[in-house]
Amino acid sequence: MENRAILEVKGLKKYYPQKSGVFRRTTNYVKAVDGVSFSIHPKETFSLVGESGCGKSTTGKTILRLQEPTAGQVLFKGNDLLDYSKRDFRRLRKDLQMIFQDPYSSLNPRMSVRELLREPILTHRLAGRKETEQLVRDIAEKVGLSKEQLDRHPHEFSGGQRQRISIARALILKPELVILDEAVSALDVSIQAQILNLLMDLQEELDLTYLFISHDLNVVKHVSDRVGVMYLGQMMEMTDTEELYDNPLHPYTQSLLSAIPSTDPFKKKERIILKGDVPDPANPPSGCPFRLRCPKAHERCVIENPAFQEVKEDHFVACHLYDRVEEAGEVPDLVGSLR
Ligand code: SF4
């Protein structure tokens, strides 16, 4: 993996104002993303996981300015994407693509696959007619679409095939970073595996970097190099995949992972059931955002939001249980009983 990050997200925030009263004044904010930071290296797959409403998809959309961030920096190859005018940013967008969960809504039903694949090239004026046709044929072949299928329309395809069209449409521009937002979540398990294998093959072949957004911890384990766990708009834990699944430190991550059935019949796993639902982001709890559901919450958690700190090499956690790490010089074994 190359050392220099291709994408650095620093203190990213996306607040939605809530208006009320006769004069529609802003009286509150929904903090969908609240100070999230991470970086992704070239050819790496970094995943964001968490329950629905944790802010992972909003993070992806604000990186691409599909929704304008409230604050923070998004450095792509060292340049802050938020400094670009909308016009200049559109030119840059070909290097950063996004693939969504529901391909049907992002594909114009009146266009044939050929037209759908041509469109991004024409929009960005990247090639002449002949070259465009060649690019269309090449990318179709790469994603497993036949020549005959190029003249069909989206409704004539299955969900998996439609996702292949979306992938082809994103990759025809030869992007460097692809954001996959629940890209396989709507597919049957067997089709999901085919699309994931295709994505991994294409990553290898085209030197792609992925930001993979998903609620599915099994899928994330399979595809990621590193993982960030989000809760209520904030990052709770971040480390490399093996470390996260073998040694989760944050009580939230522990509860998420405890729900995955063990593949080892001799390894007993205790399921941690969380109390209640994710709180309303317009009315988050004081102190730690997870404290209302945390089985290990204590007095300090009510008062103070824990800092997101490195407690082991490349293992970051936001939890007061690890505040004493700096003084003690080692990570306390607070989770042994749960493994
Ligand atoms: Fe639980 Fe407190 Fe840690 Fe938050 S800071 S995860 S409430 S122990």
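Structure shown above.
Residues numbered from 1 in each chain as written. Predicted model: local features only at pLDDT ≥ 70, side-chain atom pairs only at ≥ 80, totals over all residues. Heavy atoms only, no water.

A. Fine view of the sheet that holds strand β9 (residues 226-231). Taking strand neighbours across the sheet as the criterion, the eight strands line up as β6-β7-β8-β3-β9-β10-β12-β11 in an open arrangement whose pairing is mixed. The open sheet is flanked by β6 (96-99) and β11 (309-312), the only strands paired with a single partner. When the angles between neighbouring strand axes are averaged without regard to direction, this sheet yields 20°. Where strand β3 (residues 45-49) and strand β8 (residues 209-214) come together, five bridges link them in parallel fashion. Residue pairing for β8: Ser-47 is matched across the bridge by Phe-212. Sheet strands touched by helix α6 (residues 159-171): β6 and β7 (177-181). Its angle to β6, the strand with the most contacts, is close to 170°. Across the sheet, helix α10 (residues 251-258) lies against β9 and β10 (234-240), angled at about 105° from β9, the strand it touches most. (Pairing = 2+ DSSP bridges. Helix = DSSP H or I, 4+ residues; strand = E, 2+ residues; numbered from the N terminus. Axes fitted to C-alpha atoms, helices over the stretch in contact; angles between N-to-C directions. Contact = heavy atoms within 4.5 Å.)

B. Broad picture of α10. Within α10, eight of the eight residues are buried, which leaves the element mostly enclosed by the surrounding structure. Where α10 is concerned, the buried positions are Pro-251, Tyr-252, Thr-253, Gln-254, Ser-255, Leu-256, Leu-257 and Ser-258. Tucked into the core, α10 has its buried residues touching α8 (217-223), β9, β10 and α9 (241-246). (Buried < 20%, exposed > 50% of the residue type's maximum accessible area, 1.4 Å probe, protein only.)

In short, the description is geometric, and any link to function would need to be established separately.
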